[in-house]
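Secondary and tertiary structure notes
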Amino acid sequence: MTSSEVRSDGQKSTLATWRTRIIAAVVVSAVLIGTYFILAAFIPRWWAQRIADLVSGSFSKGIGWGLVYGLLCTALPLFLMLLAAMIWKRRAGKFIAGAAALLAVILAIPNLMTLSIALGNNNAAHAGQRILDVDAPAFRGASLVGAIVAAVIFLASVSLIFWRRWRRKHPGKQAVPPTAAPQTPPVTQDT
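All values reported here derive from a predicted model rather than from experimental measurement. (Residues numbered from 1 in each chain as written. Predicted model: local features only at pLDDT ≥ 70, side-chain atom pairs only at ≥ 80, totals over all residues. Heavy atoms only, no water.)

**Quick notes on a nonpolar patch on the surface**
On the surface, a nonpolar cluster with roughly 850 Å² of combined accessible area is contributed by I63, W65, L67, V68, L71, L72, L76, F79, V145, V149 and I153. For the nonpolar patch, the elements supplying multiple residues, two or more each, are α2 (59-87) and α5 (139-169). Element by element, the count of residues in the nonpolar patch is highest for α2, at 8 residues. By the secondary structure assignment, L72 is in helix α2. (Patch = residues over 30% accessible without salt bridge, like charges linked within 9 Å, V, L, I, M, F, W, Y side chains within 5 Å. Areas by Shrake-Rupley, 256 points an atom, 1.4 Å probe, with all protein chains shown as cover. Salt bridge = Lys/Arg side-chain N within 4 Å of Asp/Glu carboxyl O. Helix = DSSP H or I, 4+ residues; strand = E, 2+ residues; numbered from the N terminus.)

Below is the structure:
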């Protein structure tokens, strides 16, 4: 640092601070972009090979493992994110919510890797598609079905939770049991 970059009170000048921040941001961005391209070429092939080893070319195993991965790796992250949203404002809620959100992202990784194969348009995604088509038939379709079922279960659960909460806060009129009509005394005839 030159003497013009240090103020009289011993701290760095604003220009030096911002220059350091900009350089750090550029370096971090370059590392992240490089990591993305490396992982984009590696992950689809690697994940397709792991699934192919698991399924071994069997349709029934492809359907079974696809449903398991699709259902669990969609439902668990969704419910963890719901938990994080519900406890955010409670005591120690921010820590627990952050941990739940991080765990949700980790649990969603298998579905995200399968999605990168199914929707990807690079060479690695196409190689992954070919591997899954030959060695793990029906896995992608069953994974999609499992994810849809998990989403429906999640939406039904959320609607039930919020409906019950709403009913507790807004109790309707209590159902009044019908009362019996008053009986009239029997009419007697005087003769």
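**Re α2**
Relative to the 42 Å expected for 29 residues at 1.5 Å per residue, α2 spans 42 Å between its end C-alpha atoms, a close match to the ideal helical length. Turning to α2, its buried residues number three or more, namely G62, G66, G70, C73, T74, A75, P77, L80, L82, A84 and I87. Residues of α2 that are buried make contact with α1 (14-55), α3 (93-119) and α5. (Expected span 1.5 Å × (residues − 1). Buried < 20%, exposed > 50% of the residue type's maximum accessible area, 1.4 Å probe, protein only. Contact = heavy atoms within 4.5 Å.)

**Let's talk about the nonpolar core**
One finds W47, A48, I51, A52, V55, M113, I117, I131, L132, A136 and F139 forming the largest nonpolar core, which totals 11 residues. Where this core is concerned, the elements lending two or more residues are α1, α3 and α4 (123-135). Not counting residues within four places of it along the chain, the set of residues in contact with V55 comprises K61, G62, W65, D135, A136 and P137. Judged by nonpolar contacts, the second largest core, of 5 residues, contains L80, A84, A97 and A104. (Core = buried A, V, L, I, M, F, W, Y, C linked by side-chain atoms within 4.5 Å.)

**Quick word on unusual backbone geometry**
One non-glycine residue, S56, lies in the positive phi region at around 60 degrees. Position of S56 among the secondary structure elements: in the loop between α1 and α2. Phi angles above zero are rare outside glycine, and A138 is one such case at about 70 degrees. Here A138 shows up in the loop between α4 and α5. Residue A138 is classed as partly exposed on the basis of its relative accessible area of 31%.

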